[in-house]
Amino acid sequence: MNLLPLRDLDPIFRMSPKEAAAFIRKCDSAMKSHASDFDMGWDKEAALSAFESVMATLLEIRPAYPAERANIDEVLRRHGYGGVIGH
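Every chain's residues receive numbers from 1 upward, in the order its sequence appears when written. In view of the model being predicted, local features appear only for residues whose pLDDT reaches at least 70, and side-chain atom pairs are presented and counted only at 80 or more, with totals across whole chains, interfaces and linings using the full set of residues. Hydrogens are left out, water is left out, and the side-chain values use all remaining heavy atoms of the structure.

### Comments concerning the environment of I72
Under the convention used in this document: Under the DSSP-based scheme used, a helix requires at least four consecutive residues in state H or I and a strand at least two consecutive residues in state E, with every element numbered from the N terminus. A contact between two residues is defined here by any heavy atoms of the two lying within 4.5 Å.
The residue I72 is located in helix α4 (residues 69-78) in this model. Separated by 51 residues in sequence, I72 and A21 have C-alpha atoms that sit 9.1 Å apart. Contact partners of I72, with chain neighbours within four places excluded, come to I24, L58, I61 and R62.

### Let's talk about the environment of G80
Within the element layout of this structure, G80 appears in the segment after α4. C-alpha of G80 to C-alpha of M55: the two residues are 25 residues apart in sequence and 10.0 Å apart in space.

### A short note on the packing of helix α2 (residues 17-40) against helix α3 (residues 44-61)
Under the convention used in this document: An axis is simply a line fitted to the C-alpha atoms; with a helix, the fit covers only the stretch in contact. Between two such axes, the angle follows the N-to-C directions and lies from 0 to 180 degrees. Geometric relationships in this document are graded by angle, where less than 35 degrees denotes roughly parallel, more than 145 denotes roughly antiparallel, 65 to 115 denotes roughly perpendicular, and other angles denote oblique. Take the far helix as your reference; a near helix turned counterclockwise from it by less than a right angle gives a left-handed crossing, and one turned clockwise gives a right-handed crossing. Following the grouping adopted for this structure description, the nonpolar residues are Ala, Val, Leu, Ile, Met, Phe, Trp, Tyr, Cys and Pro, the charged ones are Asp, Glu, Lys and Arg, and the polar ones are all others, Gly among them.
In the contact formed by α2 and α3, the axes pass within 8 Å of each other and the chain directions differ by 155°. One element, α2, and the other, α3, form an angle in the roughly antiparallel class. Helix-helix and strand crossings are classified by hand; for α2 and α3 the assignment is left-handed. Together, F23, I24, C27, A30, M31, H34, A35, D37 and F38 of α2 and K44, A47, L48, A50, F51, V54, M55, T57, L58 and I61 of α3 make up the contact between the two elements. Here the residues of the contact of α2 with α3 are counted per class, giving 15 nonpolar, 2 polar and 2 charged.

### Thoughts on the side chain of D73
Rule in force here: Counted as a polar contact is a pair of N or O atoms within 3.5 Å, where, for protein atoms, one must be capable of donating a hydrogen and the other of accepting one, and residues adjacent in sequence contribute only when both atoms are in side chains.
In this fold, D73 is placed in helix α4. Of note is the side chain of D73, whose polar atom sits 2.6 Å from the side chain of R62.

Encoded structure:
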């Protein structure tokens, strides 16, 4: 029996290049919005959690979309990611 890893079944890992680029732009916008909500003092815990979730998602999909790595890295840096981004 040949089972696919769960990751292969997740649509987030099966986007076309155009879909991936659009998704990354949406993540960038979402991170801006969540950061703004946090700065404004509106439910800081929820805003921080949402911000971290988007950042974690970008880090998770980064290996699956090598052509988008530079764009993902730029979004992460722009929003304060200070970790090492490996290839």
